[in-house]
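Take a look at the letters that make up each chain.
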2 protein chains.
Amino acid sequence: MAAWARAVRGLLLDVSGVLYDSGGEGGGVPIAGSVEAVRRIKAAGLKLQFCTNETQATREKFVKKLQGMGFDISVAEVTAPAPAACRILKERSLRPHLLVHNDLLPEFAEIDKTNPNCVVIGDAAENFTYANLNEAFRVLIGMEKPVLISLGRGRYYKETDGLKLDVGAYMKALEYACDVQAEVVGKPAKMFFESALAEMGVPPQQAGCCGCPQRLFCPACGTSGLRQHVALRELLQGCNRAPELQSQKLCPWKQI
Amino acid sequence: MAAWARAVRGLLLDVSGVLYDSGGEGGGVPIAGSVEAVRRIKAAGLKLQFCTNETQATREKFVKKLQGMGFDISVAEVTAPAPAACRILKERSLRPHLLVHNDLLPEFAEIDKTNPNCVVIGDAAENFTYANLNEAFRVLIGMEKPVLISLGRGRYYKETDGLKLDVGAYMKALEYACDVQAEVVGKPAKMFFESALAEMGVPPQQAGCCGCPQRLFCPACGTSGLRQHVALRELLQGCNRAPELQSQKLCPWKQI
């Protein structure tokens, strides 16, 4: 193992599609071996921060679901788009019109939503109705300078009953209609990873990430010379996903 | 009036937003003066071809609606995306999965829709449900090489009860999710105007167009040196839209 990999003190870990498959009545099923892998990573003394673009539930609900599946996880270990968006809204005195999942609304409870001056879109699922999309569009087009904040930009995802369009598709629809570019909060935005590292309390030089296709998950990889990649085999030994994850890589975080 | 303008034998005319405002129970209201303008243009011996991206009704229904408002118009004078798309489907042996308005379905009555190998999307309005969009997406993503045909690419339009997202926005959503580029049938596709000219029986050198913002309606304008533009005032004198239309231009059709 390379020197930098031995120096890794914390990992950013993707969740949906890596630790569990979402959908169905229970909200998903853990991928065989993943519960044990998380336990082993923690037992090895590594810090973990779970990075999710999950916007169909509050972090509390999300954590409860994962705990129900057997994962060792707490709310503080989860970095998700909605709280990150709330920080931005407060900093810039933005009052959102929300097009999000009903279960995510509590994350925005403290935010002033009167007389909106921006639109926040998440994976609204069944709330992506013709009427709701037209309404979000009218709010946006009525602004002098439309501000669209998107909680992620995923294309689609798999649930137990099949593939579903993700928030990115609807973001593109509104972008095109209003001729604006959305500000993406969540993976793969650099700022999102910076928040996750800060919350984990590990500097980028001592952090690794795994789970997502690299070009999305690790902005550093897409740009320039990482020194080395190390397969996850050693960390995830015994996980049924190991053969797949070996083609994913563990990347040291460049100074970002 | 310039020499070329005197040589004009036919006009391509936009309809929605130019001759009438759509929406409401009657399907729209004529813009004051427009019925008379159409009558006067025809009385002057000019041929007319009504070019519409209307995909919420068959041409028969569309013409009936306009006749009801007092317009002198026949089905043969209407160029619309659905019949143009049907020609393409037949030529290329494509079997569509349709995401269109219920009232447009009769235009596709003769088309084989079993075991779809493409998706055709129109302004489906209330049919733009979460379930229908996911279904169209699944059909597309399941193809080895997804083929998406879009009846127009409008961003939005106005109805009497407010602005609505147009087909282009939903086209963008599917394009992004499937990483494909849609083939657009309707304005502003060059082929669509060529069909309209052929149906009118007037060569491009002797045809003018008016109504839409030029850069969308007249591909020739966007590219290179038209000799001259002539305001529509003389043709549309008396129409309440005249002051607006004076900033639109009458363009001779270049050889296309």
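The numbering scheme is per chain: residues are counted from 1 as the chain's sequence reads. Here the convention is simple: chains get letters from A, ligands get numbers from 1, in the order in which they are written. Selection of residues for local features in this predicted model requires a pLDDT of at least 70, selection of side-chain atom pairs for listing and counting requires 80 or more, and totals for whole chains, interfaces and linings are taken over all residues. Only hydrogens and water are set aside when side-chain values are computed; all heavy atoms of the structure are taken into account.

- An unreviewed UniProt entry annotates chain A as Phospholysine phosphohistidine inorganic pyrophosphate phosphatase of Falco tinnunculus.
- UniProt positions are given in the numbering used here, feature names are shortened, and annotations may be inferred rather than shown by experiment. Quoted verbatim from the Sequence similarities (unreviewed entry) heading of the UniProt record, the comment on chain A is "Belongs to the HAD-like hydrolase superfamily."

### Focus: unusual backbone geometry
Residues and elements named next belong to chain A.
Okay, so step 1: The phi angle at S93 is positive, at roughly 50 degrees, despite the residue not being glycine.
Okay, so step 2: Numbering of helices and strands runs from the N terminus; a helix is a DSSP stretch of H or I covering at least four residues, while a strand is a stretch of E covering at least two. With respect to the helices and strands, the residue S93 is situated in the loop between helix 4 (81-91) and strand 6 (96-99).
Okay, so step 3: Burial classes follow relative accessibility: with a 1.4 Å probe on protein chains only, a residue under 20% of its type's maximum area counts as buried, one over 50% as exposed, and anything between as partly exposed. On the basis of relative accessible area, S93 is assigned to the exposed category, the value being 54%.
Okay, so step 4: Phi angles above zero are rare outside glycine, and A125 is one such case at about 50 degrees.
Okay, so step 5: Tracing the chain through its elements places A125 in the loop between strand 7 (118-121) and helix 5 (130-141).

### Concerning the environment of B:C118
Residue and element names in this part refer to chain B.
Okay, so step 1: If you trace the backbone, C118 turns up in strand 7 (residues 118-121).
Okay, so step 2: Owing to a relative accessible area of 0%, C118 belongs among the buried residues under this scheme.
Okay, so step 3: On a C-alpha basis, the gap between C118 and E54 in space is 21 Å, while along the polypeptide they are 64 residues apart.
Okay, so step 4: Here, two residues are considered to be in contact whenever any of their heavy atoms come within 4.5 Å of each other. Residues within four places of C118 in sequence aside, it is in contact with L89, L94, R95, P96, H97, M143 and V147.

### Some thoughts on helix 3 (residues 59-68) of chain B
Residue and element names in this part refer to chain B.
Okay, so step 1: For helix 3, the set of buried residues is F62, V63 and L66. Along the long axis of helix 3, the arc covered by the buried residues comes to 95 degrees, so they all point the same way. Summarising the geometry of helix 3, the exposed residues directed more than 90 degrees from the buried face are K64 and G68.
Okay, so step 2: In this structure, the buried side of helix 3 is in contact with strand 2 (20-22) and strand 5 (78-79). Note that the arc is computed from the directions linking the helix axis to the C-beta atoms.

### Considerations on the environment of A:N53
Residue and element names in this part refer to chain A.
Okay, so step 1: Structurally, N53 is set in the loop between strand 4 (47-51) and helix 3 (59-68).
Okay, so step 2: Look at N53 and you get partly exposed, because its relative accessible area is 23%.
Okay, so step 3: It is 14 Å that separates the C-alpha atoms of N53 and V120, two residues lying 67 residues apart in sequence.
Okay, so step 4: Look past the residues within four positions of N53 in its chain and what remains in contact with it is P81, G152, R153, G186, K187 and F192.

### Focus: the relation of the copies chain A and chain B
Okay, so step 1: The superposition of copies rests on a least-squares fit of C-alpha positions from residues with pLDDT of 70 or more in both. At an RMSD of 0.1 Å, chain A and chain B line up after a rotation of 180 degrees and a shift of 0.0 Å along the axis. Here the copies are linked by what is in effect a two-fold axis.
Okay, so step 2: Counting the interface residues of chain A, we find that 100% of their copies in chain B are interface residues as well, pointing to one common contact surface.

### Looking at the pattern of salt bridges
Okay, so step 1: For salt bridges, the criterion is a side-chain nitrogen of Lys or Arg within 4 Å of an Asp or Glu carboxyl oxygen. Tallied over the entire structure, the rule returns 20 salt bridges over all chains.
Okay, so step 2: With a closest N to O distance of 3.3 Å, A:D72 and A:K42 form a salt bridge. In this pair, A:D72 sits in the loop between helix 3 and strand 5 (78-79) while A:K42 sits in helix 2 (residues 34-43), placing the two residues 30 residues apart along the sequence.
Okay, so step 3: Ionic pairing is found between B:E36 and B:R39, a salt bridge with its closest N-O pair at 2.7 Å. Of this pair, B:E36 and B:R39 both sit in helix 2 (residues 34-43), 3 residues apart, roughly one helical turn.
Okay, so step 4: By relative accessible area, which is 35% here, B:E36 ends up partly exposed.

### Things to note about the interface of chain A and chain B
Okay, so step 1: Counting from both sides, the interface comprises 27 residues of chain A and, opposite them, 28 residues of chain B.
Okay, so step 2: In short, buried area is how much 1.4 Å probe accessible area vanishes from two parts on joining, totalled over both. Each partner contributes to the roughly 2,600 Å² buried at the junction of chain A and chain B, and carbon and sulfur atoms together form 64% of this total.
Okay, so step 3: Ranking the residues of chain A by area buried against chain B places A:Y130, A:L165 and A:Y176 at the top, with a combined share of 32%.
Okay, so step 4: For the pair chain A and chain B, the interface holds 0 salt bridges.
Okay, so step 5: Within the residue set of the side of chain A that touches chain B, elements represented by two or more residues are helix 5, strand 9 (156-159), strand 10 (162-165) and helix 6 (167-178) of chain A.
Okay, so step 6: Here the residues of the side of chain A that touches chain B are counted per class, giving 16 nonpolar, 4 polar and 7 charged. All residues other than Ala, Val, Leu, Ile, Met, Phe, Trp, Tyr, Cys, Pro, Asp, Glu, Lys and Arg, Gly among them, are scored as polar; the first ten of these are nonpolar and the last four charged.

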